Amino acid sequence: MLHWIKLILDILFALSLVACAIFDWRTRTIPNLLPAFLSILGLAHIALLLGMGVSVCPHLIVLIVTVPLYFFWTMNWIGGGDVKLLFASAMYLGLWQTAIAAEIALLYLCFKLIRTSRKIGRNPRQKIALGPPLALGCVGCMAAQYVVNAIH
């Protein structure tokens, strides 16, 4: 029964990430309601893991680790929606899977900055949508977890 609840939470989480990615891609903003919903799913996921007897330390360590994201936001290095999306994703996925998703987003960011710097006349301070690569990384980590569980 608990595995079905986890599957439903994972599907809701993935669909919400896709919605965040679409909003960020089109408008370069992520509505506050989506990260709030993702955070609620994260809390529900933590409660489910506690019920299953699984350690939730990687999910709670995120509260400390995401503090630097606030400073990145105040320096205008990352958008507020991206910070909220990273925090909510980290609450749901835990520290290590979110680190993998963030690495995918950083690779995308590096590629985008190199590509932008080569174009003449482009604004170097343009907004870059990090929602799509973050969503791709998060969903990819969840899918990989299901593959690994199926193999074992």
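Overview of the structure. (Residues numbered from 1 in each chain as written. Predicted model: local features only at pLDDT ≥ 70, side-chain atom pairs only at ≥ 80, totals over all residues. Heavy atoms only, no water.)

A look at the nonpolar core
Next, step 1: F13, L17, L38, L85 and Y92 are the most contacted members of the largest nonpolar core, which totals 26 residues.
Next, step 2: Contacts of L85, omitting those with residues within four sequence positions, involve L17, C20, I30, P35, L38, G131 and L134. (Core = buried A, V, L, I, M, F, W, Y, C linked by side-chain atoms within 4.5 Å. Buried < 20%, exposed > 50% of the residue type's maximum accessible area, 1.4 Å probe, protein only. Contact = heavy atoms within 4.5 Å.)

Observations concerning a nonpolar patch on the surface
Next, step 1: Taken together, the side chains of L60, I61, L63, I64 and V65 present a nonpolar region at the surface, about 450 Å² in accessible area.
Next, step 2: If one sorts the elements of the nonpolar patch by residue count, helix α4 (residues 62-65) sits on top with three residues.
Next, step 3: Mapped onto the fold, L63 is located in helix α4.
Next, step 4: Residue classification places L63 among the partly exposed positions, given a relative accessible area of 47%. (Patch = residues over 30% accessible without salt bridge, like charges linked within 9 Å, V, L, I, M, F, W, Y side chains within 5 Å. Areas by Shrake-Rupley, 256 points an atom, 1.4 Å probe, with all protein chains shown as cover. Salt bridge = Lys/Arg side-chain N within 4 Å of Asp/Glu carboxyl O. Helix = DSSP H or I, 4+ residues; strand = E, 2+ residues; numbered from the N terminus.)

Focus: the environment of M1
Next, step 1: Assignment of secondary structure puts M1 in the segment before α1 (2-27).
Next, step 2: Judged by its relative accessible area of 73%, M1 falls in the exposed class.
Next, step 3: M1 sits 98 residues away from A99 along the chain, and the two C-alpha atoms are 29 Å apart.

Digging into the side chain of S89
Next, step 1: Within the secondary structure layout, S89 lies in helix α6 (residues 80-93).
Next, step 2: From its side chain, S89 meets the backbone oxygen of L85 in a polar contact 2.8 Å long.
Next, step 3: Excluding residues that lie within four positions of it along the chain, S89 makes contacts with F13, L17, G94, T98 and C138. (Polar contact = N/O pair within 3.5 Å; in protein donor to acceptor, adjacent residues only side chain to side chain.)

Some details on the pattern of salt bridges
Next, step 1: Summed over the entire model, instances satisfying the criterion amount to one salt bridge.
Next, step 2: Across the pair D10 and K6 runs a salt bridge whose closest N-O atoms are separated by 3.3 Å. With D10 and K6 both in helix α1 and four residues apart, the pair spans about one turn of that helix.

Digging into the packing of aromatic side chains
Next, step 1: Under the defined criterion, the tally for this structure stands at one aromatic pair.
Next, step 2: With 4.0 Å between their ring centres and 10° between their planes, F13 and Y92 make a pair best called stacked. With a gap of 79 residues between them, F13 in helix α1 and Y92 in helix α6 connect regions that are remote in the sequence.
Next, step 3: One cation-aromatic arrangement involves R28 over W25; the distance from NZ or CZ to the ring centre is 5.9 Å. (Phe/Tyr/Trp six-rings, centres within 6.5 Å; stacked < 30°, edge-to-face > 60°. Lys NZ or Arg CZ within 6 Å of the ring centre and 35° of its normal.)

Thoughts on α1
Next, step 1: End to end, α1 covers 37 Å across 26 residues, agreeing with the expected 38 Å (1.5 Å per residue, within 8%).
Next, step 2: Those residues of α1 that fall on the buried side of the exposure criterion are K6, L9, D10, F13, A14, S16, L17, C20, A21 and D24.
Next, step 3: Residues of α1 that are buried in the fold lie against α2 (33-52), α6 and α8 (131-151).
Next, step 4: Two residues or fewer after α1 comes R28, characterised by a positive phi angle close to 60°. (Expected span 1.5 Å × (residues − 1).)

Side note on the packing of α2 against α6
Next, step 1: Running from amino to carboxyl end, α2 crosses α6 at an angle of 15°, the nearest separation of the two axes being 7 Å. The pairing of α2 with α6 is recorded here as roughly parallel in orientation. Crossing of α2 against α6: the hand is left-handed. Between α2 and α6, the residues in contact are P35, L38, S39, L41, G42, L43, H45 and I46 and K84, L85, F87, A88, M91 and Y92, respectively.
Next, step 2: Class assignment for the residues of the contact of α2 with α6 results in ten nonpolar, three polar and one charged. (Axes fitted to C-alpha atoms, helices over the stretch in contact; angles between N-to-C directions. Parallel < 35°, antiparallel > 145°, perpendicular 65-115°, else oblique. Left-handed = near helix turned anticlockwise from the far one by under 90°. Nonpolar A, V, L, I, M, F, W, Y, C, P; charged D, E, K, R; others polar.)

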